[in-house]
Structures are given as C-alpha cells and as structure tokens.
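Single-letter residue listing:
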Amino acid sequence: AGADTGECTAIAVSPDASATGETLLAQNWDWIGAQREALVLLRVREGIDPGFLTLTEAGMLAKIGLNSQGLGVCLNILRSTFDRTRPGVPVHVLLRALLKRSNVRDALAFASKLAFGASSNVLCADRGGEAAGLEFSPNGLRAVRGEGATLCHTNHFLDPEAATWQAPLADNLSTIPRLERARHHAAARAKHGIDDLKRLLRDESQGFLSICRKPDPSLAAEARIESVASVIMELAHGVMHIAPDVPSLVEYQPVALSAEPVPA
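Because the structure is a prediction, the values reported are computed rather than measured.

On the basis of which strands lie adjacent, the open sheet formed by seven strands has the order 3-4-5-6-7-8-9 and antiparallel pairing. Edge positions in the sheet fall to strand 3 (39-44) and strand 9 (140-144), since each of these pairs with one other strand and no more. Neighbour-to-neighbour, the strand axes of this sheet turn through a mean angle of 20 degrees, independent of strand direction. Where strand 8 (residues 131-137) lies against strand 9, five bridges are found, and the strand directions are antiparallel.

Structure below.
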C-alpha cells in the first residue's frame with residue numbers, strides 16, 4: 001500500500017514569520033531514488049499568461065513551482081476512501097493550471113469548480129502573504145489555513161471533515177511524525193530564513209522516516225522512499241533554491257524565473 005505513494009513535507013512561511021519579510025514556500029519531494037534521473041526544470045512563458053518555473057518529471061506538465069505573479073505551489077499526495085470512484089482532473093494538469101493563477105484566492109476559486117478522481121493537497125502561497133492547503137478528493141475540496149504564521153503539510157488530510165475521508169495509512173509513510181517534526185521546527189523560531197528552511201528540510205532526526213529521507217536498505221527496492229529533491233521558493237523574487245538530491249548530501253542552487261543569474 002505504501003510503495004506507490006510519493007511523499008512530501010511542505011511548509012509555507014508568511015511575511016510576518018519570515019526573516020526576509022517576504023513569503024517563503026518549501027518542500028522535500030520523497031519518492032523512489034531512480035526517479036531523480038527523470039527530473040526536469042522548466043521555465044515556461046505562454047503569450048500573455050504568467051510565466052512560471054517548475055521542477056517536475058519528464059512528461060509531466062508541472063509539479064513544484066512558482067509564477068511571475070508571485071504564486072507558488074507544492075504537492076502532497078493524499079489517499080482517501082473515495083479515490084478512483086469517479087473521473088476527474090489529474091493533479092499534474094491542476095498544478096499547471098494553478099501556475100497561471102494570480103494568487104491563493106484565485107487558485108482556490110479556480111480549483112473549487114473542478115472534480116477530482118483521486119486525492120492530493122496542493123500547498124499554495126503568494127507574495128501577498130496568503131497560504132492555503134487545497135485538500136481534495138472525489139468527495140470535494142477543503143482549504144486548510146496556517147497554524148499562526150506558518151502552514152505545514154505532509155501526506156494526510158488536516159481539515160476535520162476531510163480527515164474522515166482518509167484511507168488507512170501504511171506504516172512506511174511516516175506522515176504524522178514528519179508533520180509533528182515540521183511543526184516543531186516552525187514553532188522553534190519567531191523568524192525563518194532560507195538557512196532555517198534548509199535545516200528543516202535536512203532534518204534526519206527520525207532515521208529512515210525523517211523529513212530528509214535516505215533509502216532504507218532493509219526494504220525492497222520499490223519501497224525505498226528517499227528525498228529525491230528539495231526546493232525553497234522566494235515568491236516575491238521568482239527564485240527557486242533547488243537541491244537535486246537528498247538535501248543533506250548536496251547544496252541548494254538558486255535558479256531565477258527571469259533567467260538572470262542569482263547570487264549563491
């Protein structure tokens with residue numbers, strides 16, 4: 001049940017809690033390590049639509065990203081008891097469409113009109129300081145707001161009503177302890193900068209089930225979940241800081257939507 005479930009730990013930081021005074025959005029993407037070879041970074045401009053930058057997989061329209069209007073999106077795969085009971089919009093199509101929206105309110109209004117065949121959470125934030133987790137399943141969509149000045153999300157429903165839709169959690173998902181650890185990091189500081197988010201995303205305090213995950217050699221190859229990549233986004237500046245491997249093993253490299261060089 002757990003081998004086909006990609007995982008993520010994501011956090012949105014409002015300007016009030018940000019050391020930069022601007023919105024930050026970050027996540028680790030956990031999946032099978034071999035998938036790292038399929039990663040691509042797309043810089044897209046489509047006529048009058050907002051340009052966007054997205055870290056995704058070859059053949060996928062979009063995944064983690066930000067656009068020129070200061071909206072960013074992250075993805076947490078969820079599982080509900082209603083999955084595959086009706087047709088709906090695939091999540092990567094949704095992510096591409098959301099990267100054309102102007103802010104979180106616009107993204108929520110757009111997504112609320114859609115039907116979904118499976119469950120996920122899209123953690124959205126904008127440069128104006130608004131953040132929301134768009135938790136959806138074939139049974140509907142619910143918006144989760146921040147705990148104070150931050151909003152953390154992993155791989156289970158947080159909205160009280162949506163939580164009743166939750167499918168049983170596999171033991172190797174670690175979604176609950178990862179959320180607790182992320183919230184602990186968030187509560188430990190009044191202000192969070194880029195380096196603070198790097199420390200959060202590199203946290204290995206829970207071994208193979210940590211926020212920063214290395215593959216467990218005791219498991220079958222198809223079940224060895226690890227952090228494939230890590231991203232920290234400065235939404236006001238259109239900059240993504242990308243660690244293209246387990247984040248504790250590599251440095252983050254800044255990439256700008258504008259294609260202008262970014263000081264490291």
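From this point on, the discussion continues.
This part covers the nonpolar core. Judged by nonpolar contacts, the single largest core of 28 residues is most densely connected at Leu 25, Met 233 and Met 240. Of all the secondary structure elements, the ones that give two or more residues to this core are strand 1 (7-13), strand 2 (24-32), strand 4 (52-57), strand 5 (64-67), strand 7 (120-126), strand 11 (225-234) and strand 12 (239-243). Among the elements that take part in this core, strand 11 stands out by supplying five residues, more than any other. Apart from residues lying up to four places away in sequence, Leu 25 is in contact with Ile 11, Ala 12, Gly 72, Val 73, Cys 74, Leu 123, Ala 125, Val 231, Ile 232, Met 233 and Leu 235.

Before going further, it helps to spend a moment on helix 1 (residues 91-98). The buried count for helix 1 comes to seven of eight residues, which makes it a mostly enclosed element. All of the buried residues in helix 1 are Val 91, His 92, Leu 94, Leu 95, Arg 96, Ala 97 and Leu 98.

Here we come to the sheet that holds strand 2. Taken in spatial order, the six strands make up an open sheet running 10-1-2-11-12-13, and their pairing is antiparallel. Two strands in the sheet have a free side with no partner beyond their single neighbour: strand 10 (150-153) and strand 13 (253-256). For this sheet, the mean inter-axis angle between neighbouring strands, taken without regard to orientation, is 15 degrees. Sheet topology places strand 11 next to strand 12; five bridges connect them, and they run antiparallel. The residue of strand 12 that forms the bridge with Met 233 is Met 240. With respect to the sheet, helix 4 (residues 194-201) is in contact with strand 1, strand 2, strand 11 and strand 12, its orientation differing from that of strand 11 by roughly 165 degrees.

What follows deals with the pattern of salt bridges. What the rule picks out here adds up to 14 salt bridges. The salt bridge involving Arg 213 is made with Glu 7; its shortest N-O contact spans 2.2 Å. In this pair, Arg 213 is assigned in the loop between helix 4 and strand 11 and Glu 7 in strand 1, connecting sequence segments 206 residues apart. No difference in accessibility class separates Arg 213 from Glu 7, as the two residues are buried. Put simply, Glu 7, Arg 178 and Arg 213 are held in one network by salt bridges that share partners.

In regular strands, side chains alternate between the two faces of the sheet. The buried count for strand 12 comes to five of five residues, which makes it a mostly enclosed element. Alternating residues of strand 12 divide into Val 239, His 241 and Ala 243 and Met 240 and Ile 242, and every residue in both groups is buried. Adjacent in sequence and paired antiparallel, strand 11 and strand 12 are bridged by four residues, among which Gly 238 carries a positive phi angle near 65 degrees. Where strand 12 lies against strand 13, four bridges are found, and the strand directions are antiparallel. Across the sheet, the residue bridging to His 241 is Pro 254, located in strand 13.

For the rest of this paragraph, the subject is the environment of Ala 38. Along the chain, the position of Ala 38 falls in the loop between strand 2 and strand 3. Given the relative accessible area of 23%, Ala 38 is considered partly exposed. Separated by twelve residues in sequence, Ala 38 and Ala 26 have C-alpha atoms that sit 21 Å apart. When near neighbours in sequence (up to four residues on either side) are disregarded, Ala 38 contacts Thr 56, Glu 57 and Ala 58.

Let us look at the layout of surface pockets. The volume enclosed by the largest pocket comes to roughly 450 Å³. Lining of the largest pocket is provided by 25 residues; of these, Ile 77, Arg 79, Val 91, His 92 and Ser 120 occupy positions nearest its centre. If you list the elements that add at least two residues to the lining of the largest pocket, you get strand 1, strand 2, strand 6 (71-77) and helix 1. Looking at side-chain class alone, the lining of the largest pocket contains twelve nonpolar, six polar and seven charged residues.

Moving on, we get to the pairing of strand 1. The buried fraction of strand 1 is high, at seven of seven residues. Going residue by residue along strand 1, you find Glu 7, Thr 9, Ile 11 and Val 13 tucked away on one face and Cys 8, Ala 10 and Ala 12 tucked away on the opposite face as well. Bridging between strand 1 and strand 2 involves seven bridges; their strand directions are antiparallel. Along strand 2, the bridge assignment pairs Cys 8 with Trp 29. Both strand 1 and strand 10 contribute to a ladder of four bridges, which runs antiparallel. From the neighbouring strand, Ala 10 faces strand 10, where its bridge partner is His 153.

The rules we used
Residues numbered from 1 in each chain as written. Predicted model: local features only at pLDDT ≥ 70, side-chain atom pairs only at ≥ 80, totals over all residues. Heavy atoms only, no water. Pairing = 2+ DSSP bridges. Helix = DSSP H or I, 4+ residues; strand = E, 2+ residues; numbered from the N terminus. Axes fitted to C-alpha atoms, helices over the stretch in contact; angles between N-to-C directions. Core = buried A, V, L, I, M, F, W, Y, C linked by side-chain atoms within 4.5 Å. Buried < 20%, exposed > 50% of the residue type's maximum accessible area, 1.4 Å probe, protein only. Contact = heavy atoms within 4.5 Å. Salt bridge = Lys/Arg side-chain N within 4 Å of Asp/Glu carboxyl O. 1 Å grid on protein atoms, 1.4 Å probe; cavity = no way out; pocket = protein on both sides within 12 Å on 5 of 7 lines; lining within 4 Å. Points joined across faces, edges and corners; volume = space filled by probe spheres on them. Nonpolar A, V, L, I, M, F, W, Y, C, P; charged D, E, K, R; others polar.

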